[in-house]
Amino acid sequence: MSARKLSDAFLHLGLGATAVPQPPFSGMEWYEGYGARHGGDGSEGRLVSQHTFTEAWDSWEMHPNGAEVVICTHGAMVLTQEFPDGSRKEVPLAAGEYAINDPGVWHIADVATSATAIFITSGEGTQHRPR
């Protein structure tokens, strides 16, 4: 197998300690195909992805069935977490730092210039809402 760029071809970590390279990322519709390919792994499956951002996210996200790890690898970002009781916490992340979004915690990120992050996500049941 040849090397792959995580930003182009994500990785699924599945049941039985499997690691399955994914087809190239093509936008938000890609996630529907991912669910069809690996939905049988349920909340134990993990998607490993990498994204670069040059502006704030335009929607909140929440993963109800598992924790998500956010690792900033370049630049800086501010992750805002909204807890079930409505309280919020800002978590600044610089390159090399990580945060955990617990199950049920809504989150969004703000970026001043540019940031790249790796996400390890239990994506089953992921929800979005407008900012």
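One structure accompanies this document, and this report is about it. Worth saying up front: this structure is predicted, and the values here are computed from it rather than measured.

Some points on the overall build of the chain
Summing up its helical and strand segments, the chain has 1 helix and 10 strands in all. Counting helices and strands in the order they occur from the N terminus, the chain gives β-β-α-β-β-β-β-β-β-β-β. Radius of gyration (C-alpha) of the chain: 14 Å, near the 14 Å computed for a compact globule of 131 residues. By its C-alpha atoms, the chain is 40 × 30 × 25 Å across when sized along the principal axes. Expressed as a percentage of the 131 residues in the chain, the buried residues total 36%. Within the chain, contacts between residues at least 6 apart in sequence are counted, and of these 68% link residues at least 24 apart.

Remarks on unusual backbone geometry
A positive phi angle is found at A17, which is not glycine, with a value near 60 degrees. Tracing the sequence through the fold places A17 in the loop between β1 (11-14) and β2 (18-21).

Quick look at the packing of aromatic side chains
In this description, an aromatic ring pair is defined by two values, namely the gap between the centres and the angle between the planes. Scanning all chains against the criterion turns up 9 aromatic pairs. Ring centres of F10 and F25 lie 4.9 Å apart, and the angle between their planes is 35 degrees; this geometry places the pair in the tilted category. Of the two residues, F10 is situated in the segment before β1 and F25 in the loop between β2 and α1 (30-38); the sequence distance between them amounts to 15 residues. For F10, a relative accessible area of 1% translates into the label buried. Look at W30 and Y31: their rings are 5.4 Å apart centre to centre, the planes differ by 90 degrees, and that puts the pair in the edge-to-face class. The exposure class of Y31 is partly exposed, given its relative accessible area of 30%. These aromatic residues form a ring-pair network of at least three members: F10, F25, W30, Y31 and Y34. In this structure, R37 is placed above the aromatic ring of W30, and the distance from its NZ or CZ to the ring centre is 5.2 Å.

Overview of the pairing of β1
Each regular strand carries side chains that alternate between the two faces of the sheet. Burial along β1 is one-sided: H12 and G14 are buried, while L11 and L13, pointing the other way, are not. Bridge count between β1 and β2: 4 bridges; the pairing is antiparallel. Considered in β2, the bridge of H12 is made with V20. The turn linking β1 back onto β2 is made up of 3 residues, and G16 within it adopts a positive phi angle of 70 degrees.

The rules behind the values
- Residues numbered from 1 in each chain as written.
- Predicted model: local features only at pLDDT ≥ 70, side-chain atom pairs only at ≥ 80, totals over all residues.
- Heavy atoms only, no water.
- Helix = DSSP H or I, 4+ residues; strand = E, 2+ residues; numbered from the N terminus.
- Rg over C-alpha atoms; globule rule 2.2 N^0.38 Å.
- Buried < 20%, exposed > 50% of the residue type's maximum accessible area, 1.4 Å probe, protein only.
- Contact = heavy atoms within 4.5 Å.
- Phe/Tyr/Trp six-rings, centres within 6.5 Å; stacked < 30°, edge-to-face > 60°.
- Lys NZ or Arg CZ within 6 Å of the ring centre and 35° of its normal.
- Pairing = 2+ DSSP bridges.

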